[in-house]
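Geometric and topological summary
Each chain, written out:
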Amino acid sequence: MWGLVFVAPLMLPDYPPALLTTGRYLAFGLIALPLALMDRGNLRELRAADWWTAVRLSAVGNFLYYLTLAAALQRAGAPLPTMLIGTLPVVIAICANHRNRVRDGQLPWRRLWPGLLLIAAGLLLVNRTELAALQAAGAGPEDLRRYAEGGLLAVIAVACWTWYPIRNADWLREHADRSPRAWATAQGLVTLPMALIGMAAVAAMQALWPGLLMPAGFDWPLGPQPLQYIGLMLAIGLCSSWLGTLCWNEASQRLPTSLSGQLIVFETLAALAYAFAWRQQVPPAATLAGIALLVAGVVSALRIKPVAAH
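In this report, the structure presented in the accompanying data block is examined. (Residues numbered from 1 in each chain as written. Predicted model: local features only at pLDDT ≥ 70, side-chain atom pairs only at ≥ 80, totals over all residues. Heavy atoms only, no water.)

A separate point is the overall build of the protein chain. On a plain count of helices and strands, the protein chain comes out with 14 helices and zero strands. Mapped in sequence order, the helices and strands of the protein chain form the string α-α-α-α-α-α-α-α-α-α-α-α-α-α. Relative to its length of 310 residues, the protein chain is compact, with a C-alpha radius of gyration of 20 Å against a globular reference of 19 Å. If one aligns the C-alpha atoms of the protein chain with their principal axes, the spans along those axes are about 60 × 50 × 30 Å. (Helix = DSSP H or I, 4+ residues; strand = E, 2+ residues; numbered from the N terminus. Rg over C-alpha atoms; globule rule 2.2 N^0.38 Å.)

Shown next, in the form of structure tokens:
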């Protein structure tokens, strides 16, 4: 489900990242409203501190993450940002391994390093392939600059989504009696006012500084492909935002964070498959080798058993 969000910016290349982000989370918030009626009993149990946690999780793990990811995808194409996001399994594992070692047990560091090196090698292969493709296409300094910007934005997205699952798992493990479904809906509800504020901010900036966020003459708010835009935002709002978060919450309440974080590799694999299908291309041999190294790195980490920390 989450892999779908990687191809959406490629399907709507004329839409700025700010509009893709606000559109996705406006759809998420609207979808959450009827779901909240079904979960109103569980939602009433949430205290003010819980709602404030949901706001912070949504601001960083939803808005900032997808804003930087969408911008990275439009600047650098899909493979590089997707592979950088592909480091999340190990980045989350390292952070959770240190932070939650008492609660979840610790993965021995000396056994983690081989997996880390395999993933680094995979990233280098994919990055080298994409740069070679840019140069073969006659890319100039401007194209290379956009590619570098895309990589930097993807690194920011990785930082956002390293923080989110760890803090989200903290809440779910501390509230093991609460409904993961209601917690996904609560995050959807708090995104609605954020999305409306974001839409208003985009409109104001377009009025004050035309061309800053959107090309001159952009038909705000629905753009040049209104039906495709609305349909895609509703699809990822339901499938990626609510259903994906629901599944993730259910897993986070049952598994150590270092393990569930590693299993997010399937998001990367799905995103790469969608991206190359959208391009109507078979991945080059070096990209396939990079993907194989990425999977091998994660599989090697999954084989490590946590030991009790003292």
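On to the nonpolar core, then. Formed by 59 residues in total, the largest nonpolar core has its most connected members in Tyr65, Tyr66, Leu69 and Trp161. At the level of elements, helix H1 (4-11), helix H2 (17-38), helix H4 (48-76), helix H6 (88-99), helix H9 (141-174), helix H10 (180-208), helix H11 (226-254) and helix H13 (265-279) are the ones that each hand at least two residues to this core. If we ignore the near neighbours within four places in the chain, the residues touching Trp161 are Trp2, Gly61, Tyr65, Leu88, Ile92, Trp248 and Ile264. (Core = buried A, V, L, I, M, F, W, Y, C linked by side-chain atoms within 4.5 Å. Buried < 20%, exposed > 50% of the residue type's maximum accessible area, 1.4 Å probe, protein only. Contact = heavy atoms within 4.5 Å.)

Our next topic: the side chain of Arg178. With respect to the helices and strands, the residue Arg178 is situated in the loop between H9 and H10. Classification of Arg178 as buried rests on a relative accessible area of 15%. Filtering out sequence-adjacent residues up to four positions away, Arg178 remains in contact with Glu45, Leu46, Asp50, Trp171 and Gln253.

Turning our eyes to something else, we now look at the packing of H9 against H10. Where H9 contacts H10, the axes come no closer than 12 Å and their chain directions differ by 130°. One way to sum up the angle between H9 and H10 is to call them oblique. Between H9 and H10 lies a crossing of right-handed hand. Facing Tyr164, Asn168, Trp171 and Leu172 of H9, the residues of H10 in contact are Pro180, Trp183 and Gln187. (Axes fitted to C-alpha atoms, helices over the stretch in contact; angles between N-to-C directions. Parallel < 35°, antiparallel > 145°, perpendicular 65-115°, else oblique. Left-handed = near helix turned anticlockwise from the far one by under 90°.)

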